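What follows is the residue order along each chain.
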Amino acid sequence: MLRLIAAIASLLAVLLIQIRGSEILNDAHIYRSFASNEIVPDVVDEAPDCWLRVAYKSGREAEGGNRLTPTQTRTVPSLSFNTNERSFYTLLMTDPDTPSRDDPRDREFVHWVVGNIQGNDLDRAETLVEYVGAVPPKGSGMHRFVFLLYEHENRLNFTTEVRLSNRCRNPRRYFSTRNFAQKYGLTNLWAGNFFQAQYDDYVAQLQGQLSECTEYISRSEWPEEWNRVRRLSAP
């Protein structure tokens, strides 16, 4: 009898977790979640229409502002979303809280940019900025990490954009989601999600991986940070 009761309790716990997850990622709640966590207006003017599923190999997922750790988000996540087979999609992941939410003077730090996605196939898409996981500085508190997916009808030309490896820190700072979207006519914010994270011991390892790269070439109108780095690296 005790085993039966324990099994039933375990099953109920699983069902409650599943129900809670479905409620968190209920599309009807996305507007409230983006507004209450100030993703609107800090990053975008309006919330997307539906949730973007973001799942990590650690077994954790972004759930509209839940707390994850840098260790849990260290690897490139898998994404899933409803697609229109005739459309393309461009993905942005940014941290608007750099160096901290109270003092976001370096807003935004871009973590990942993938353009011209068809279906859910990121492998055949165009990676502009390679993925770097959450890297909030020690003592800077909680940061928001925002995923935004834009739908567009035609393939975009990104030939003049910066290409950044996952070992380059600059010019990830001073990125602007609004400016990037305006530059490429990205007006249909199809899906989105976000989580929050603060410093853990993995951040020091990730910071050691990143350097101030100067070897890449760009002809784009990137923020002033690129111009500053170029001047400093000039002979």
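All values reported here derive from a predicted model rather than from experimental measurement.

Caption draft 1: Just the overall build of the protein, in detail. A count of helices and strands for the protein gives six helices and nine strands. The burial tally for the protein puts 47% of its 235 residues in the buried class. Summed over all atoms, the accessible surface of the protein reaches about 12500 Å², with 49% contributed by carbon and sulfur.

Caption draft 2: Inspection of the nonpolar core at higher detail. Counting residues in each nonpolar core, the largest one holds 29 residues, and the members touching the most others are F34, V44, L148, Y150 and F180. Counting only elements with at least two residues in this core, the list comes to α2 (30-36), α3 (39-42), β6 (109-117), β7 (126-129), β8 (143-152), α4 (177-183) and β9 (188-197). The residues touching V44, leaving out its near neighbours within four places in the chain, are I39, L148, Y150, T177, R178 and L189. Counting 24 residues, the second largest nonpolar core, distinct from the first, contains F81, W112, L122 and A197.

Caption draft 3: Summary view of the pattern of salt bridges. Here the structure, examined in full by the defined rule, presents nine salt bridges. Between D97 and R144 there is a salt bridge, and its shortest N-O distance comes to 2.6 Å. Of this pair, D97 sits in the loop between β5 (88-95) and β6 while R144 sits in strand β8; the two residues are 47 residues apart in sequence, bridging distant segments of the chain. D97 sits in the buried class, given a relative accessible area of 0%. Residue R144 is classed as buried on the basis of its relative accessible area of 0%.

Caption draft 4: Broad picture of unusual backbone geometry. The omega torsion across T98 and P99 is 0°, close enough to zero to call that bond cis. Looking at the secondary structure, you find P99 in the loop between β5 and β6. Following R107, the chain continues to E108 via a peptide bond in cis, the omega torsion being -5°. If you trace the backbone, E108 turns up in the loop between β5 and β6. With phi around 60°, E38 is a residue other than glycine that occupies positive phi space. With respect to the helices and strands, E38 occurs in the loop between α2 and α3. Here N116, not a glycine, exhibits a phi torsion of approximately 55°, which is positive. Its location among the elements puts N116 in strand β6.

Caption draft 5: Quick peek at helix α5 (residues 202-209). By the burial criterion, the buried members of α5 are Y202, V203 and L206. Projection of α5 onto a plane perpendicular to its axis shows the buried side chains occupying an angular sector of 100°, all on one side. Away from the buried face of α5 by more than 90 degrees, exposed residues Q205 and G208 are located.

Caption draft 6: Seen up close, the pairing of β6. The element β6 is extensively covered by neighbouring structure, given that nine of its nine residues are classed as buried. Where β5 and β6 come together, six bridges link them in antiparallel fashion. The partner of T94 across the bridge, within β6, is V110. Summarising the sheet, β6 and β7 pair through three bridges and their orientation is antiparallel.

Definitions and limits used
Residues numbered from 1 in each chain as written. Predicted model: local features only at pLDDT ≥ 70, side-chain atom pairs only at ≥ 80, totals over all residues. Heavy atoms only, no water. Helix = DSSP H or I, 4+ residues; strand = E, 2+ residues; numbered from the N terminus. Buried < 20%, exposed > 50% of the residue type's maximum accessible area, 1.4 Å probe, protein only. Areas by Shrake-Rupley, 256 points an atom, 1.4 Å probe, with all protein chains shown as cover. Core = buried A, V, L, I, M, F, W, Y, C linked by side-chain atoms within 4.5 Å. Contact = heavy atoms within 4.5 Å. Salt bridge = Lys/Arg side-chain N within 4 Å of Asp/Glu carboxyl O. Arc of directions from axis to C-beta. Pairing = 2+ DSSP bridges.

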